[in-house]
Amino acid sequence: MAILTKEQAQVILKKVIALSKADECEANLNGGKTGNVRYARNSVSTAGESHTTTLVVQSSFGKRVGTATINEFDDASLEKVVRRSEELAKLAPENPEYMGVLGPQKYITTNPYVASTAAITPDKRAEMVAKSIAAAKSKNLTAAGYLQDNVGFQSMMNSKGLFAYNTDTGVDFSLTVRTPDGTGSGYVSRGFNDVNKLDTATVSNIAVNKATGSANAKALEPGKYTVILEPAAVAVMLENLFFGMDARSADEGRSFLSKAGGGNKVGQKLVDERVTIYSDPAHPELPTSPWAQDGQALNKTTWIDKGVIKQIPVSRYWAQQKKITPVPFPNTAIMQGGTQSLEDMIKGTQRGILVTRLWYIRSVDPQTLLLTGLTRDGTFYIENGKIKHAVKNFRFNESPIIMLNNLEAIGKSERTVSGESSNNYLLPPLKIRDFTFSSLSDAV
């Protein structure tokens, strides 16, 4: 099926709700088109395009809940999926934390859909990838990358009168470039709603330059160093902080936001006063859907304001237990940036290490948010404001909380893609003192 309009989605969803015999019914109708090109060793290896439309029906009898999914939309199929969800609900044990469906919500207007991205053709994808491969070939390097674009719609309706509809587009690009002898590696990634903001030739040259510059890296002793983390490296550190912000786990003593003696750290200073983190589904550089997964309305929300925890997500169930207002988990996060460019930050560094990206991130201690992982694809030694030479990769052991208390400088925020989750964020490069590298890694 094509991307359904708001009216077309309503027709199907109204049929589903009308068929329901359950105490409550919720239906989610989502669909889209995704295209991609994957390439390695300077040649395209796979390319494709998929179209999907899926209906998910959730029925509940009291606190017994059942869910069924289908991708056929004739009247008989709609009745079949509704009845199946009801059958499953009657068989299910009671869920003591089930909160029921929401009533009608008021949603702000966001603009995550861009027509030019929705109109991408296979020829356009091939042209974009050809520019990337040409950039690597011109320097006798080898490129491996992935380009993916999508256009989709999401819609929701329930038996209490809630209806929500949204369309969005996106394009994500990632590239690794290697030297012929395998000793140098460079990486770059970008994500946008608007394909016109993605210049694969220019972006690919970033990875090309990192690959040539990182060949024949020298070893430095592990220890504590001043580092400049590029936004891709910042993303995989800070998203662990974002994902861990939850009122229930904090109140139950299971997170870095748990307060000694009980409760959470809302209202307390947690990090450097220059740190402000918020979410805004209507942000022009990072627009998202205006509702959360359960249909709650999303609005601009400040989570950390000048270093102080101002708010943390609260599930509807936990809000009921604590007699407070629920706060939905956001679709993405933004860190307020400074005015310095990455180049300015390098120029202002006497001695330090520039980190392109971090990967293979694993949790060491959830209550301090201590993480471990590795640098890769371009790690460089800075001396007297200039990149002096490449260095061998390190394993790090560091907490985003400690990191954000050891801030030296904050650069300009830019849209970046996490190499771990593929989520998009608006984040700045960060200059951090006393970042802990615990051992060396021979990987490039």
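With an unreviewed UniProt entry as reference, the protein is termed TldD/PmbA family protein, source organism Nibribacter koreensis.

(A) The arrangement of the sheet that holds strand S1 (residues 24–40) in detail. Here we have 6 strands laid out as an open sheet, ordered S3-S2-S1-S4-S5-S6, and antiparallel in their pairing. Edge positions in the sheet fall to strand S3 (64–70) and strand S6 (185–192), since each of these pairs with one other strand and no more. Each neighbouring strand pair of the sheet contributes to a mean axis angle of 15°, computed without reference to strand direction. In terms of strand pairing, strand S4 (residues 142–158) meets strand S5 (residues 163–178) through 16 bridges, oriented antiparallel. Counterpart to Asn 150 in the pairing with S5 is Gly 170.

(B) Region of interest: helix H5 (residues 200–213). With 14 residues, H5 ought to run about 20 Å at 1.5 Å a step, and its terminal C-alpha atoms sit 20 Å apart, in line with that. Among the residues of H5, those classed as buried are Thr 200, Val 203, Ser 204, Ala 207, Val 208, Lys 210 and Ala 211. Seen end-on, H5 carries its buried residues on one side only, within an arc spanning 165°. Structurally, the start of H5 carries an N-cap: the backbone nitrogen of Ala 201 is 3.1 Å from a side-chain oxygen of Asp 199.

(C) Structural view of the packing of aromatic side chains. Inspection of every chain in the model, using the stated rule, returns 9 aromatic pairs. Pairing Phe 396 with Phe 435 gives two aromatic rings, centres 5.7 Å apart and planes at 45°, and the pair type is tilted. Of this pair, Phe 396 sits in strand S15 (residues 393–398) while Phe 435 sits in strand S19 (residues 430–441); the two residues are 39 residues apart in sequence, bridging distant segments of the chain. Sitting over the ring of Tyr 187, Arg 357 keeps its end group 3.7 Å from the ring centre. Between the NZ or CZ atom of Arg 376 and the centre of the ring of Trp 359, over which it lies, the distance is 4.4 Å.

(D) Structural context of the UniProt feature "domain: Metalloprotease TldD/E central" (unreviewed entry) in the protein. As recorded in UniProt, the feature "domain: Metalloprotease TldD/E central" (unreviewed entry) lies at residues 120–212. This span, residues 120–212, is 31% helix and 44% strand, and a straight line between its end C-alpha atoms measures 32 Å.

(E) Region of interest: the UniProt feature "domain: Metalloprotease TldD/E C-terminal" (unreviewed entry) in the protein. Mapped onto the present numbering, the UniProt feature "domain: Metalloprotease TldD/E C-terminal" (unreviewed entry) falls at residues 222–438. As a span, residues 222–438 carries 17% helix and 37% strand, and end to end its C-alpha atoms are 5 Å apart.

Rules and cut-offs
Residues numbered from 1 in each chain as written. Predicted model: local features only at pLDDT ≥ 70, side-chain atom pairs only at ≥ 80, totals over all residues. Heavy atoms only, no water. Pairing = 2+ DSSP bridges. Helix = DSSP H or I, 4+ residues; strand = E, 2+ residues; numbered from the N terminus. Axes fitted to C-alpha atoms, helices over the stretch in contact; angles between N-to-C directions. Expected span 1.5 Å × (residues − 1). Buried < 20%, exposed > 50% of the residue type's maximum accessible area, 1.4 Å probe, protein only. Arc of directions from axis to C-beta. Polar contact = N/O pair within 3.5 Å; in protein donor to acceptor, adjacent residues only side chain to side chain. Phe/Tyr/Trp six-rings, centres within 6.5 Å; stacked < 30°, edge-to-face > 60°. Lys NZ or Arg CZ within 6 Å of the ring centre and 35° of its normal. UniProt positions renumbered as here; feature names shortened; annotations may be inferred.

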